[in-house]
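Here are the chains, one letter per residue:
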Amino acid sequence: MFPLLTDALLGLLSVEDVSTHAAALVYCAGTLKCLSANGSVLRRLLDKNFIGSARKLLQRLCSADATAAKAGQVLLQLTATLRNLANLPEARPLFVSLSVMSELCVVLRVHRHDTHVCTNVSRILSKLSSYPECLAALAQTPDCCRLFLDVLDQHHQKQDLVVRLLFILGNLAADSDASRLQLFLSDGAVATLLRLYDRYQCRAPPHQEDPPPTGEPPPPRERENEDVLVKLVRVLANMSVHPAVGSHLATDESCIQLLTETLELRSVSASEELMVNAAAAINNLSYYQEGSAALRRNRIAVAQLMMKLLLSSSRDAVLEAVRVYGNLSLHQDVRGFIMQHGVHRFMVTLLDSRSADVCLSACGVVTNLAVDPPNRRSLSLEGAAVKLVDCLRDLGAADWLLGGQICQALWNLGGGEALLGRRGRACLLRVLVTLSDEDEALKWVENDDLRDFHKACWEMEFLPAAQRLMKTLQPLERTDEEEESSNLREEKAARDGTTAPPAGGRRDCSETEAGGGTTAFR
């Protein structure tokens, strides 16, 4: 029965004219929508080229001859069926090859006043934008970012629509620099996003002095607002990966204020995803802090806020906080804050995390802290050098950027022997010699393409720093008496509060500092 019924309905859908038989089309499309909830029927619709027929009908419904009211009723049913089809992996290539997403953008433009149609279209596009081939096709649609921003501004109070459109924009901004720039250059893009941010920022009423208990789930209305903010802040974070966009947003007082306010108002335990996204946005913007008066004025406050994330049980929150410290610790006042509040101890502890991402970010902070001579002794007392050697031995060969950063951190700390002792120095030298041998370093990479990539990273990121560090370790061969004398001198230096002289000199701050970089959220 179902095959005959669906075939008959598809036939009607293809020939009926909306201007004369609108009611028939509404019932026909509505019946197909209900039937498409059945998996077998859904696949039959796919086999019978429903997507191609729907595309032609979308074009007819958006023509000048179709009245908005009649067309809207048909579109509501038709787009609901297309949303069900978007769940099928085998349907997605047809959405791309038939340019259905471009037609859906036309529907959104023509029927932007109909919130129900807009919501259905946003449901389809948000689903499809999660897949690379569909996202690439959507990015090629002219002015799609401007269109989404216009609809956001017009229907800012409709949260389910806003969340989906922001999700689409976040995916586009995560995809490529071209999409980031297209979004940024869309007329009024930043103003629209920040205006929306301000509307949905949940602030306590003036009479409410005490915030809600941390860790307690927010009430339903606030949860809905938070869903919007999670997606919106992700858009800002992903946009700011582009240098032109990031340097502009970093100077925007409203943007910085809203992000820091989010971090102040919420806790990781109750709003983890939002806090992580806000920290990621701050991290990306702090990469461009040199030209930003707003960030210069607020960097100590931001460093203080990052402690909320650093002390949480969320690995993602900790990682984003460390990345922010990596960028902010380029400045001496922030390095002073880190040492004064014991944040450096967390950085040293995180070197034991066995995670390459966490170790790289923590190592960058240690590298920057070690630029200041007074900090080197504190870091040494926490065992930073030993942990760095362990990290290099365990993770260096799998991540040459991390390996090079570890060598730079050890260099800034003063080389090897004064920090590690004779045995530790010998261990470090063995690791460096092994990792500096091309055959040994790359022997585990079997794929030729990957081997070329790893070799390039090894040559650029690791080898120069490793060779420079080895030169400070190789010349010294001492007797037991000299070793004992050296140990006594080190103990005396520790008691007197002085640091052991560095081996081989040290670069100045501009050459040795390490930032956290920028990150796009998928």
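What counts and what doesn't
- Residues numbered from 1 in each chain as written.
- Predicted model: local features only at pLDDT ≥ 70, side-chain atom pairs only at ≥ 80, totals over all residues.
- Heavy atoms only, no water.
- Core = buried A, V, L, I, M, F, W, Y, C linked by side-chain atoms within 4.5 Å.
- Buried < 20%, exposed > 50% of the residue type's maximum accessible area, 1.4 Å probe, protein only.
- Contact = heavy atoms within 4.5 Å.
- Patch = residues over 30% accessible without salt bridge, like charges linked within 9 Å, V, L, I, M, F, W, Y side chains within 5 Å.
- Areas by Shrake-Rupley, 256 points an atom, 1.4 Å probe, with all protein chains shown as cover.
- Salt bridge = Lys/Arg side-chain N within 4 Å of Asp/Glu carboxyl O.
- Lys, Arg positive; Asp, Glu negative; His and termini not counted.
- Charge placed at Lys NZ, Arg CZ, Asp CG, Glu CD.
- Helix = DSSP H or I, 4+ residues; strand = E, 2+ residues; numbered from the N terminus.
- Polar contact = N/O pair within 3.5 Å; in protein donor to acceptor, adjacent residues only side chain to side chain.
- Phe/Tyr/Trp six-rings, centres within 6.5 Å; stacked < 30°, edge-to-face > 60°.
- Lys NZ or Arg CZ within 6 Å of the ring centre and 35° of its normal.
- Arc of directions from axis to C-beta.

Enquirer: Help me out: how do you make sense of the nonpolar core in this one?
Expert: Nonpolar side chains tend to gather and get buried jointly when the protein is soluble and globular. Core analysis: the biggest nonpolar cluster contains 163 residues, and Phe50, Leu82, Phe95, Phe148, Tyr325 and Leu432 have the highest contact counts within it. When neighbours within four sequence positions are excluded, Leu432 is seen to be in contact with Leu392, Cys407, Phe462, Ala466, Leu469, Met470 and Leu473.

Enquirer: It is not clear to me how a negative patch on the surface should be interpreted in this structure. Could you clarify?
Expert: Where like charges cluster on the molecular surface, the negative patch consists of Glu224, Asp227, Glu272 and Glu273. Contributing elements (two or more residues each) for the negative patch: helix H14 (220-239) and helix H17 (272-286). The topology assignment puts Glu224 in helix H14.

Enquirer: Whenever I open this one, the environment of Ser129 confuses me. Can you help?
Expert: Assignment of secondary structure puts Ser129 in the loop between helix H8 (115-128) and helix H9 (132-139). Only 3.0 Å separates the side chain of Ser129 from the backbone oxygen of Ser126, close enough to count as a polar contact.

Enquirer: Looking at this model, I keep getting lost on the packing of aromatic side chains. Mind explaining?
Expert: How two aromatic rings sit relative to each other is set out by the distance from centre to centre and by the angle between their planes. By the definition in use, this model includes 2 aromatic pairs. Taking the centre distance of 5.3 Å and the plane angle of 90 degrees together, the rings of Tyr287 and Tyr288 count as edge-to-face. Between the aromatic rings of Trp400 and Phe462, the centroid separation amounts to 5.1 Å while the plane-to-plane angle is 50 degrees, which identifies the pairing as tilted. You can see Trp400 sitting in helix H25 (residues 400-413) and its partner Phe462 sitting in helix H28 (residues 448-473), a full 62 residues away along the chain. For the pair formed by Trp400 and Phe462, the shared burial category is buried. The ring of Tyr131 is capped by Arg92, whose NZ or CZ atom sits 3.7 Å from the centre of that ring.

Enquirer: Whenever I open this one, helix H3 (residues 39-47) confuses me. Can you help?
Expert: Turning to H3, its buried residues number three or more, namely Val41, Leu42, Leu45 and Leu46. Seen along its axis, H3 keeps its buried residues to an arc of 145 degrees; they face one direction. Summarising the geometry of H3, the exposed residues directed more than 90 degrees from the buried face are Ser40 and Asp47. Where H3 begins, one side-chain oxygen reaches toward the backbone nitrogen of Ser40, 2.8 Å away; that side chain belongs to Asn38. Just downstream of H3 lies Asn49, where phi reads positive at about 60 degrees.

Remember that the coordinates give geometry; whether it matters functionally is a separate question.
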